[in-house]
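# Coordinate analysis (summary)
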Amino acid sequence: METSDKENKYIRARERVEELKKFYGNLTSYVLVISGLALINYFTNHFAYAWFLWAAFGWGIGIVFHAIKTFDLNPFFGKQWEKRKLEEFMRDDEQNNKWK
């Protein structure tokens, strides 16, 4: 029983590390690519029309949603809410099946 619990904790920790690696990889790519696009934009028209901001905005929205998921920043339906609901349903089921 104890080894199973340790294995479960290890698996959850490993999944968390993978989530963080993916987020930081995405963030690093964002910074590098948007910086490159900004340089190209500057050298082609000296920011007369800052078209790279469209790419920064679009990809930035994706980064924000990725951060919300990775760091559990969703106040309504985050992991803590999910955990509370699971525990609530398990308690209700236990009480309902107590006398059967």
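Numbers given for residues are sequential positions, taken from 1 along each chain in its written order. Two thresholds apply to this predicted model, a pLDDT of at least 70 for residue-level local features and 80 or more for giving and counting side-chain atom pairs, whereas whole-chain, interface and lining totals are computed over all residues. Excluded from the side-chain calculation are hydrogens and water; included are all heavy atoms of the structure.

## Thoughts on a nonpolar patch on the surface
Each patch groups residues whose relative accessible area exceeds 30% and which form no salt bridge, using 9 Å between like charges and 5 Å between nonpolar side chains of Val, Leu, Ile, Met, Phe, Trp and Tyr. With residues, only the protein chains shown are counted as cover, and all accessible areas are computed by Shrake-Rupley using a 1.4 Å probe. We count a salt bridge whenever a side-chain nitrogen from Lys or Arg sits within 4 Å of a carboxyl oxygen from Asp or Glu. A contiguous nonpolar surface patch, about 430 Å² in accessible area, is contributed by Leu39, Tyr42, Phe43 and Phe47. Residue placement: Phe47 occurs in the loop between α1 (2-45) and α2 (52-70). Partly exposed residues are those whose accessible area sits between 20% and 50% of the maximum for their type, while under 20% is buried and over 50% is exposed, using a 1.4 Å probe and protein chains only. Residue Phe47 is classed as partly exposed on the basis of its relative accessible area, which comes to 39%. A helix here means a DSSP run of H or I that spans at least four residues, while a strand means a run of E at least two residues long, and both kinds are numbered starting from the N terminus.

## Observations regarding the packing of aromatic side chains
Two rings from Phe, Tyr or Trp (for Trp, the six-membered ring) form a pair when their centres sit within 6.5 Å of each other. Planes less than 30 degrees apart are called stacked, planes more than 60 degrees apart edge-to-face, and all others tilted. Summed over the entire model, instances satisfying the criterion amount to seven aromatic pairs. Summarising the aromatic geometry, the rings of Phe23 and Phe71 are spaced 5.2 Å apart at their centres and angled 85° between planes, so their arrangement reads as edge-to-face. One end of the pair, Phe23, is in helix α1; the other, Phe71, is in the loop between α2 and α3 (79-96), and 48 residues separate them in sequence. A relative accessible area of 6% means that Phe23 is categorised as buried. On the numbers, 5.7 Å between centres and 45° between planes, the contact of Phe47 with Phe52 is tilted.

## A word on the pattern of salt bridges
Summed over all chains, the structure comprises four salt bridges. Across the pair Glu18 and Lys21 runs a salt bridge whose closest N-O atoms are separated by 3.7 Å. Highlighted residues: Glu18 and Lys21, both in helix α1, separated by three residues, approximately one helical turn. Overall, the relative accessible area of 52% leaves Lys21 in the exposed class. Glu88 is paired through a salt bridge with Lys85; the nearest N and O atoms lie 3.3 Å apart. Residue Glu88 and its partner Lys85 are both found in helix α3; the two are separated by three residues, about one turn of the helix. By relative accessible area, Glu88 is classed as partly exposed at 28%. Lys85 sits in the partly exposed class, given a relative accessible area of 27%.

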